[in-house]
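# Results of the structural survey
Chain by chain, the residues run as shown.
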Amino acid sequence: MQFSQHVEVNSFLQSLEYSYRIPVLQFRRFLFQATDELDECIKRGTLVFSVCNEEFCVIKVVKNSVRLIFLNGAELSDNHNLLKSFGLKSRCIELYECNSKLMGILPKYIGESISIVKQHTELT
């Protein structure tokens, strides 16, 4: 397990059932490979990721589901039609039963989401 510098994140990861922990760790690794500027924390029992002090995605674990929620998902180009609506601005991808197609495409969504956040922070 890739450990976090934050104790609460490590506690959260260790508390997950094995079947949930595996997809969470896989996609957490994708996120950390996307940028060196990534920060993570636990808010409201959820793993939250930010860049430039701006939250951009969440990994949410609920019964029978692990979801990657892009908080700026409505701005992402979804040429593969993988994103599901999750509120007005957010879009999510179901990670619990992901396949190789998703594994290949997910880094593009992550990179685009990070770029959008960086553009927003430059404008403010």
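See the structure shown above.
Residues numbered from 1 in each chain as written. Predicted model: local features only at pLDDT ≥ 70, side-chain atom pairs only at ≥ 80, totals over all residues. Heavy atoms only, no water.

With that out of the way, let us pick up the sheet that holds strand β3 (residues 54-62). Here six strands make up an open sheet; going across it, the order is β1-β2-β3-β4-β6-β5 and the pairing antiparallel. In this open sheet, the two edge strands, each paired with only one partner strand, are β1 (38-43) and β5 (84-85). Bridge analysis of β5 against strand β6 (residues 91-94) gives two bridges, and the strand direction is antiparallel. Pairing of lysine 84 across the sheet is with cysteine 92, part of β6. Against the sheet, helix α1 (residues 7-15) makes contact with β1, β2 (46-51) and β3, and its axis sits at roughly 65 degrees relative to β1, the strand it touches most. Packed on one face of the sheet, helix α2 (residues 18-34) meets β1, β2, β3 and β4 (65-70) and runs near 165 degrees to β3. (Pairing = 2+ DSSP bridges. Helix = DSSP H or I, 4+ residues; strand = E, 2+ residues; numbered from the N terminus. Contact = heavy atoms within 4.5 Å. Axes fitted to C-alpha atoms, helices over the stretch in contact; angles between N-to-C directions.)

Taken across its six residues, β2 has six buried, putting it largely inside the fold. Residues Thr46, Val48 and Ser50 of β2 are buried on one face, and the alternating residues Leu47, Phe49 and Val51, pointing to the opposite face, are buried as well. Direction of pairing for β1 relative to β2: antiparallel, over a ladder of six bridges. Considered in β2, the bridge of isoleucine 42 is made with leucine 47. A loop of two residues connects β1 with β2, the two strands running antiparallel in sequence, and arginine 44 in this loop sits at a positive phi of about 55 degrees. When β2 meets β3, the two strands line up antiparallel, connected through five bridges. Counterpart to valine 48 in the pairing with β3 is valine 58. (Buried < 20%, exposed > 50% of the residue type's maximum accessible area, 1.4 Å probe, protein only.)

Glancing now at the side chain of glutamate 40. Among the structural elements, glutamate 40 can be located in strand β1. Of the residues examined, glutamate 40 reaches a relative accessible area of 3% and is grouped as buried.

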